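Each chain is listed here by its residues.
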Amino acid sequence: MPRALLIDDEPDLRTLLTLALHRHGWQADAVGDCTGARHVLDDTATPYHLILTDLRLPDGDGLELVRYARERRPLTPVVVLTAYGDIDTAVQAVKLGAHDFLTKPLRIDRLAQILEGFAQCPPERDAPVDPAALRAALERNRWNQSRTARELGWTLAKLRYWMQRLGLTQ
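Being a predicted model, the structure only gives us computed values, none of them experimental. (Residues numbered from 1 in each chain as written. Predicted model: local features only at pLDDT ≥ 70, side-chain atom pairs only at ≥ 80, totals over all residues. Heavy atoms only, no water.)

Secondary structure summary: the chain contains seven helices and seven strands in total. Mapped in sequence order, the helices and strands of the chain form the string β-α-β-α-β-β-β-α-β-α-β-α-α-α. Taking all 170 residues of the chain together, the buried fraction comes to 44%. A total accessible area of about 9,600 Å² is found for the chain, and carbon and sulfur atoms account for 53% of it. (Helix = DSSP H or I, 4+ residues; strand = E, 2+ residues; numbered from the N terminus. Buried < 20%, exposed > 50% of the residue type's maximum accessible area, 1.4 Å probe, protein only. Areas by Shrake-Rupley, 256 points an atom, 1.4 Å probe, with all protein chains shown as cover.)

This paragraph deals with the side chain of Lys-104. Looking at where Lys-104 falls in the secondary structure, it is placed in the loop between strand E7 (100–103) and helix H5 (108–119). Taking the relative accessible area as the measure of exposure, Lys-104 reaches 15% and is therefore buried. At 3.4 Å, the side chain of Lys-104 and the side chain of Glu-10 are in polar contact. Within the structure, the side chain of Lys-104 is placed 3.1 Å from the side chain of Asp-54, a separation counted as a polar contact. (Polar contact = N/O pair within 3.5 Å; in protein donor to acceptor, adjacent residues only side chain to side chain.)

Next up on the list: the nonpolar core. One finds Leu-5, Ile-7, Leu-41, Ile-51, Leu-65 and Val-80 to be the most contacted residues of the largest nonpolar core, which totals 26 residues. Of all the elements in the fold, those that place two or more residues in this core are strand E1 (3–7), helix H2 (34–42), helix H3 (62–72), strand E6 (78–82), helix H4 (87–95) and helix H7 (147–165). By residue number, the principal contributor to this core is H3, which donates five residues. Discounting chain neighbours no more than four positions away, the residues touching Val-80 are Thr-53, Leu-55, Val-66, Ala-93, Ala-98, Asp-100, Phe-101 and Leu-102. Core analysis: the next-biggest nonpolar cluster, separate from the first, contains 18 residues, Leu-6, Ala-20, Leu-102 and Leu-106 among them. (Core = buried A, V, L, I, M, F, W, Y, C linked by side-chain atoms within 4.5 Å. Contact = heavy atoms within 4.5 Å.)

Here the focus is the sheet that holds strand E3 (residues 50–54). The strand order across the open sheet formed by five strands is E2-E1-E3-E6-E7, and the pairing between neighbours is parallel. Across the chains shown, the open sheet's two edge strands, defined by having one partner strand only, are strand E2 (27–31) and E7. Put simply, the sheet's adjacent strands are angled 20° from each other on average, direction ignored. Bridge count for E3 against E6 is four bridges, and the pairing is parallel. (Pairing = 2+ DSSP bridges. Axes fitted to C-alpha atoms, helices over the stretch in contact; angles between N-to-C directions.)

Another aspect to go through is H4. Within H4 the residues assigned to the buried category are Thr-89, Ala-90, Val-91, Ala-93 and Val-94. Backbone geometry just after H4 places Gly-97 at a positive phi near 115°.

So, about the packing of H2 against H3. Here H2 crosses H3 at 10°, and the two axes come no closer than 10 Å. When the interaxial angle is binned, H2 and H3 end up roughly parallel. Between H2 and H3, the residues in contact are Cys-34, Ala-37, Arg-38, Leu-41 and Asp-42 and Leu-65, Tyr-68, Ala-69 and Arg-72, respectively. For the contact of H2 with H3, a count of residues per class yields six nonpolar, no polar and three charged. (Parallel < 35°, antiparallel > 145°, perpendicular 65-115°, else oblique. Nonpolar A, V, L, I, M, F, W, Y, C, P; charged D, E, K, R; others polar.)

Here the focus is the pattern of salt bridges. For the coordinates displayed, the defined rule picks out nine salt bridges. Notably, a salt bridge pairs Asp-42 with Arg-72, separated by 3.0 Å at the nearest N-O pair. Taken together, the residues Asp-42 in helix H2 and Arg-72 in helix H3 connect sequence positions 30 residues apart. On the basis of relative accessibility, which here comes to 35%, the residue Arg-72 falls in the partly exposed class. (Salt bridge = Lys/Arg side-chain N within 4 Å of Asp/Glu carboxyl O.)

What follows is the structure in structure tokens.
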């Protein structure tokens, strides 16, 4: 059974998301702040298929938490949840390694689509070490992103390409 880590300071939303995950065949662990999230992410005994995190948390910034999650669990996809969705924040989240960006109020059908895509991915400790298999798994997951996240990813890739061609990067 796939497992997700939910990080949100709103208890009602944590409960709603936990119920939605259970309804789609997922287990869920939920925490309400950055401190609790860091503690869970540091304990690698529990593998996760997905991390869902809010951007505004009472004791820290969700973007910093995205960075922390990518450092501790580099193969576990991170989806950012926020009620304050703007393009600059989405760009920052994707640059830091977030796979997708969902705005509140959440559309359960969109969440279900994301869950369906990630349910087939192995959790971090069972992830393939073969680079070709890893690239293939990441490519399969690319199509589970929202249209906006895919377009943003392609735009960033083109920007990196042209920056390298023009000698603007090291």
